[in-house]
Amino acid sequence: MASGTALIYDEEMTSHKLLWNDPICDIEVPERLSFSYEQLKCYHLVERCVCVPAREGSEEEILLVHSSEHLEVAKSTQTMNEEELKRVSGNYDAFFFHPSTYRCARIAVGAGLQLVDSVMSGKVCNGMALVRPPGHHSQRNAANGFCLFNNVAIAAEYAKRKYGLQRILIVDWDVHHGQGTQYIFEEDPSVLYFSWHRYEHQEFWPSLKESDYDAVGLGRGKGSNINLPWNKVGMGNSDYLAAFFHVLLPVAFEFDPELVLVSSGYDSGIGDPEGQMNATPDVFAHLTHFLMQLANGKLCVILEGGYHLKSLSESVCMTVKTLLGDPVPQITGEMAPCLSAIESIQNVRAAHKPYWKCLMYEDTSFLQNLSTKSHLLEKVNTNPSTEHESKITNKDEMVKVERFLELHMKNILFPVPPIKTAATIESEASAHLLPLSVRVVKEMDMNEVKALVSAFYADLVKEDETLLSLGSMLAVLDKILTKQVCNGIAESPTASVSVAVALRHSVRFGFQRVLCIFVGDMEIIPNTEDGRILMIHICEKQQSEKTNSKHYISLNWKEVRFTFIRSLVYVRMHRFEENFSSCYFSSSRRQSHSVKRVRRR
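About the cut-offs
- Each chain carries its own residue numbering, running from 1 in the direction its sequence is written.
- The predicted origin of the model limits local features to residues at a pLDDT of at least 70 and limits the giving and counting of side-chain atom pairs to 80 or more, whereas totals for whole chains, interfaces and linings rest on all residues.
- For the side-chain quantities, the full set of heavy atoms in the structure was used; hydrogens and water were omitted.
- Helix and strand assignments come from DSSP, with helices taken as H or I runs of at least 4 residues and strands as E runs of at least 2, each series counted from the N terminus.
- Remark: exposure states derive from per-residue accessible area (1.4 Å probe, protein chains only) relative to the maximum for the residue type, with buried under 20%, exposed over 50%, and partly exposed in between.
- For this analysis, residues touch if any pair of their heavy atoms sits within 4.5 Å.
- Computed with a 1.4 Å probe, the accessible areas rest on the Shrake-Rupley method; for each residue, only the protein chains presented here act as cover.
- A fitted line through C-alpha atoms serves as each axis, taken over the contacting stretch for helices, and the angle formed by two N-to-C directions is quoted from 0 to 180°.
- It is the rotation of the near helix from the far one that decides the hand of a crossing: anticlockwise by less than a right angle makes it left-handed, clockwise makes it right-handed.
- Note on residue categories: nonpolar means Ala, Val, Leu, Ile, Met, Phe, Trp, Tyr, Cys or Pro, charged means Asp, Glu, Lys or Arg, and polar means any other residue, Gly included.
- The definition of a nonpolar core used throughout is a set of buried Ala, Val, Leu, Ile, Met, Phe, Trp, Tyr and Cys residues joined through side-chain atoms within 4.5 Å.
- Within this analysis, patches are made of residues with over 30% relative accessible area and no salt bridge. Like charges are joined at 9 Å or less; nonpolar side chains (Val, Leu, Ile, Met, Phe, Trp, Tyr) at 5 Å or less.
- Salt bridges, as used here, are contacts in which a Lys or Arg side-chain nitrogen is within 4 Å of a carboxyl oxygen on Asp or Glu.
- Note that the term roughly parallel is reserved for angles under 35 degrees, roughly antiparallel for angles over 145, roughly perpendicular for angles of 65 to 115, and oblique for everything else.
- DSSP calls a pair of strands paired once it identifies at least 2 bridges connecting them.
- Whenever a nitrogen or oxygen atom comes within 3.5 Å of another N or O atom, the pair is scored as a polar contact, on the condition that within protein one atom can donate a hydrogen and the other can accept it, and that pairs from neighbouring residues in sequence are kept only if both atoms are in side chains.
- As a per-residue quantity, pLDDT reports the predictor's confidence and falls between 0 and 100.
- Side-chain rings of Phe, Tyr and Trp (the six-membered ring for Trp) are treated as a pair once their centres are within 6.5 Å; stacked means planes under 30 degrees apart, edge-to-face means over 60, and tilted covers the remaining angles.
- Positive charge is attributed to Lys and Arg, negative charge to Asp and Glu, and no charge count is given to His or to the chain ends.
- Just so you know, the charge point we use is NZ for Lys, CZ for Arg, CG for Asp and CD for Glu.
- In this analysis, the expected span of each helix is defined as 1.5 Å times one less than the number of residues it contains.

**Regarding the overall build of the chain**
Counting its regular elements, the chain contains 18 helices and 16 strands. The burial tally for the chain puts 56% of its 601 residues in the buried class. Across the chain, every contact between residues at least 6 apart in sequence was considered, and the portion connecting residues at least 24 apart equals 72%. Here the chain displays about 26,600 Å² of accessible surface, and carbon together with sulfur accounts for 52% of that area.

**Overview of the packing of helix 16 (residues 464-481) against helix 17 (residues 495-509)**
At a minimum axis separation of 10 Å, helix 16 and helix 17 run at an interaxial angle of 35°. Judged by the sense of rotation from one axis to the other, the crossing of helix 16 with helix 17 is right-handed. Along the contact surface, helix 16 presents Thr466, Leu470, Met473, Leu474, Leu477, Asp478 and Leu481, while helix 17 presents Val497, Ser498, Val501, Ala502, His505, Ser506 and Phe509. Residue composition of the contact of helix 16 with helix 17, grouped by class: 9 nonpolar, 4 polar and 1 charged.

**Looking at the nonpolar core**
Among the nonpolar cores identified, the biggest contains 118 residues, and Phe149, Trp173, Trp196, Phe244, Leu259 and Leu261 are the most heavily contacted of them. Residues in contact with Trp173, not counting those within four places in the same chain, are Trp196, Phe244, Val262, Ser263, Ser264, Gly265, Tyr266, Ser268, Phe284, Leu287, Thr288 and Leu291. Ranked by size, the runner-up nonpolar core spans 37 residues in total, among them Ala490, Leu503, Ile533 and Met535.

**Notes on the environment of His66**
The residue His66 is located in the loop between helix 2 (59-62) and helix 3 (68-76) in this model. On the basis of relative accessible area, His66 is assigned to the buried category, the value being 1%. Sequence spacing of His66 and Ala153 is 87 residues, and the spatial spacing of their C-alpha atoms is 9.8 Å.

**Thoughts on a nonpolar patch on the surface**
Where nonpolar side chains cluster on the molecular surface, the patch consists of Leu534, Ile553, Leu555 and Trp557 and spans about 350 Å² of accessible area. Looking at the secondary structure, you find Leu555 in strand 14 (residues 552-556).

**Points about the packing of helix 9 (residues 281-291) against helix 10 (residues 309-323)**
One can describe the packing of helix 9 onto helix 10 by two numbers: an axis separation of 8 Å at closest approach and a directional angle of 30°. What the angle tells us is that helix 9 and helix 10 run roughly parallel. Helix 9 and helix 10 meet at a crossing whose hand is right-handed. Residues Pro281, Asp282, Phe284, Ala285, Thr288 and His289 of helix 9 form the contact with helix 10, whose own contacting residues are Ser311, Glu314, Ser315, Met318, Thr319, Thr322 and Leu323. Class assignment for the residues of the contact of helix 9 with helix 10 results in 5 nonpolar, 6 polar and 2 charged.

**A short note on the sheet that holds strand 6 (residues 225-230)**
Hydrogen bonds between backbone groups are what pair the strands of a sheet, and the pairing can be parallel or antiparallel. Taken together, the 8 strands give an open sheet; going across it, the order is 2-1-3-8-7-4-5-6, and neighbouring strands pair in parallel fashion. With partners counted over all chains shown, the strands left at the sheet margins are strand 2 (50-51) and strand 6, one partner each. Strand direction decides the pairing type here: strand 5 (residues 191-198) and strand 6, joined by 6 bridges, are parallel. Of the residues in strand 6, the one forming a bridge with His197 is Pro229. Sheet strands in contact with helix 6 (residues 151-163) are strand 4 (168-172), strand 5, strand 7 (259-264) and strand 8 (299-303), and its direction is about 170° off that of strand 7.

**Focus: unusual backbone geometry**
Pro133 follows Arg132 through a cis peptide bond whose omega is 0°. Relative to the helices and strands, Pro133 resides in the loop between strand 3 (126-129) and helix 6. Across the junction of Trp205 and Pro206, the peptide omega takes the value 10°, indicating a cis bond. Structurally, the position occupied by Pro206 is in the loop between strand 5 and strand 6. In this structure, Gln202 is a non-glycine residue whose phi angle is positive, near 75°.

**Side note on the pattern of salt bridges**
Between side chains of opposite charge, a pair can form as their charged atoms come close. All chains considered together, the criterion is met by 22 salt bridges. Residue Asp326 pairs with Lys321 through a salt bridge whose shortest N-O separation is 3.1 Å. A single burial state applies to Asp326 and to Lys321, both of which are buried. As a salt-bridge pair, Glu362 and Arg349 come within 2.2 Å of each other at their nearest N and O atoms. Within this pair, whereas Glu362 is found in the loop between helix 12 (357-360) and helix 13 (373-377), its partner Arg349 is found in helix 11 (residues 339-352), the two being separated by 13 residues in sequence. By relative accessible area, which is 30% here, Glu362 ends up partly exposed. Through salt bridges with shared partners, a single network forms among Glu12, Glu56, Arg103 and Arg106.

**What about the side chain of Ser100?**
Within the secondary structure, Ser100 is located in the loop between helix 4 (82-89) and helix 5 (101-120). A polar atom in the side chain of Ser100 sits 3.5 Å from the backbone nitrogen of His16.

**Topic: the confidence of the model for the chain**
The predicted model of the chain averages 87 in pLDDT, with 87% of residues at 70 or higher. In this model residues 559-580 is a low-confidence stretch, pLDDT under 50, and it forms 94 contacts with partners more than four residues away in sequence or in other chains. Taken together, the stretch residues 587-601 has pLDDT below 50 and engages in 43 contacts with residues farther than four places along the chain or on a different chain.

**Points about the packing of aromatic side chains**
Using the criterion set out here, one finds 19 aromatic pairs in the structure. Between Phe146 and Tyr307, the ring centres sit 5.8 Å apart and the planes meet at 75°, which makes this aromatic pair edge-to-face. You can see Phe146 sitting in the loop between strand 3 and helix 6 and its partner Tyr307 sitting in the loop between strand 8 and helix 10, a full 161 residues away along the chain. Ring geometry for Tyr266 against Phe284: centres 4.9 Å apart, planes inclined by 80°, an arrangement best described as edge-to-face. Here Tyr266, found in the loop between strand 7 and helix 9, pairs with Phe284, found in helix 9; they are 18 residues apart in sequence, far enough to count as distant. Among the aromatic residues, those joined into a cluster by ring pairs are Phe194, Trp196, Trp230, Tyr240, Phe244, Phe245 and Phe290.

**A few points about a negative patch on the surface**
Taken together, Asp459, Glu463, Asp464 and Glu465 make up a surface patch of like negative charges. Within the fold, Asp464 resides in helix 16.

**As for helix 11**
Here helix 11 spans 20 Å end to end across 14 residues, near enough to the 20 Å set by a 1.5 Å rise per residue. Burial runs high along helix 11: 11 of the 14 residues are buried. Of all the positions in helix 11, only Ser340, Ala341, Glu343, Ser344, Ile345, Asn347, Val348, Arg349, Ala350, Ala351 and His352 are classed as buried. Contacts from the buried residues of helix 11 go to strand 6, helix 8 (237-255) and helix 12.

Given below as structure tokens:
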């Protein structure tokens, strides 16, 4: 089984740089790459990765998605002087050539292909390629928006041909629409392309009608192109998560990709002068974690944009930490998406309703009178005399964001416990069934369990069988609460009792928010009135004890049939940060089914 995370970086790609004054292109600087790599070293992430050397993409590989004319123009710039480079660059929208641009772009292409090969061959599980120039705006016959060759599109076409893949998902979380990638694959049903992007009703670059939600693909590719337009700035963590939960993930799981490629632009993060969004670096850890559940974990992240160096580098680090398997930090900020985000999400779902079963049976209709359209009438022409003042303000704002991120990262990052997963087992004969990464822990002493439980469930301490099962669960739970392990799994024949004790013990320990997911019927419904416990109860029968608390959510699967063997509870617990934990309880009567349920989703 593949393990490890690949990291691809070549300092030579920093030689591509702007040689003349251009206020549009001057943000695409070599430091974007070097600063990100240095931050990875600062977090000691480079040494934990499998460092894969970059290579140049061949002409044949570039021609997988680009025309020979485009390739020849790029090749010809290697010997040009500055005036000639400036003239050729002027033929394209927001692009600049340097004598080293062609070679750097070939290395960027090759880095993406090296990453695909490393993942598809099983040398690693996943990985990230730090590359420039970026690629997702580049079209078949034209450079565009800082991009010469479309690195991700070439990687997708290469993977299809070399490995015979029939379903590839491309997720583009850059703040600009990757119109180049859309044009290349819009008639290809084997590539599902998802892009969210700042749009503002076609006012924001690249200002294309086909960047809107109703551009769903062409011909056989209808339904395989998903555009989620952001019609206002300031989108934050909750908006990005809502987009994943309500659009991307349902469709992606139905599509069932064999490989996931990410056009990983971090100009959608806080402080970026292009995006003007408010998403913090920790959200990219969560987005990465969700994508790792697809394609058996085959995930290739390839850098695109990102122009606030601190925001960019911290977001890159959060992505790599998650690829390495570190626990994701607790998400911060307001958790309710804004009205404009909800409107965009609904329109995307309505547009794709005819093509995906997960959307087909919903009563979803298009929204025409969007809340942000009125703001277009209020826009006035920018006064040229305020341009200098605006730049100063932007610089001041960037410094403020740097200071904010310094504090923010200290608040969300905690030392990773030395053991990733703990487990208790009923017999030593079962130990060989566990992966090598799982540490077996000893059950808690009966007297300790009795003393602990008697504080809130005194009537239980008389039953030895109950105490034994609680000793197994509490041994794992205590390791998590005391930061010795990240997560764990325990087996217990007394499901409801284990739930009740685990929840009371976590709250008593000092946790303010505990999420509990219980699968199966419960004899006791935990008290959720104080808001410290959120209970998701998935059960077969309607519970006799009812509660009106918004923190208790019951989902009844009345048609489920079980054959009784014995009642089991599997407890899966994670420690995220100081005052939050989650538990997964599955009360099942078929052991093999229970084990499947506790695997990470």
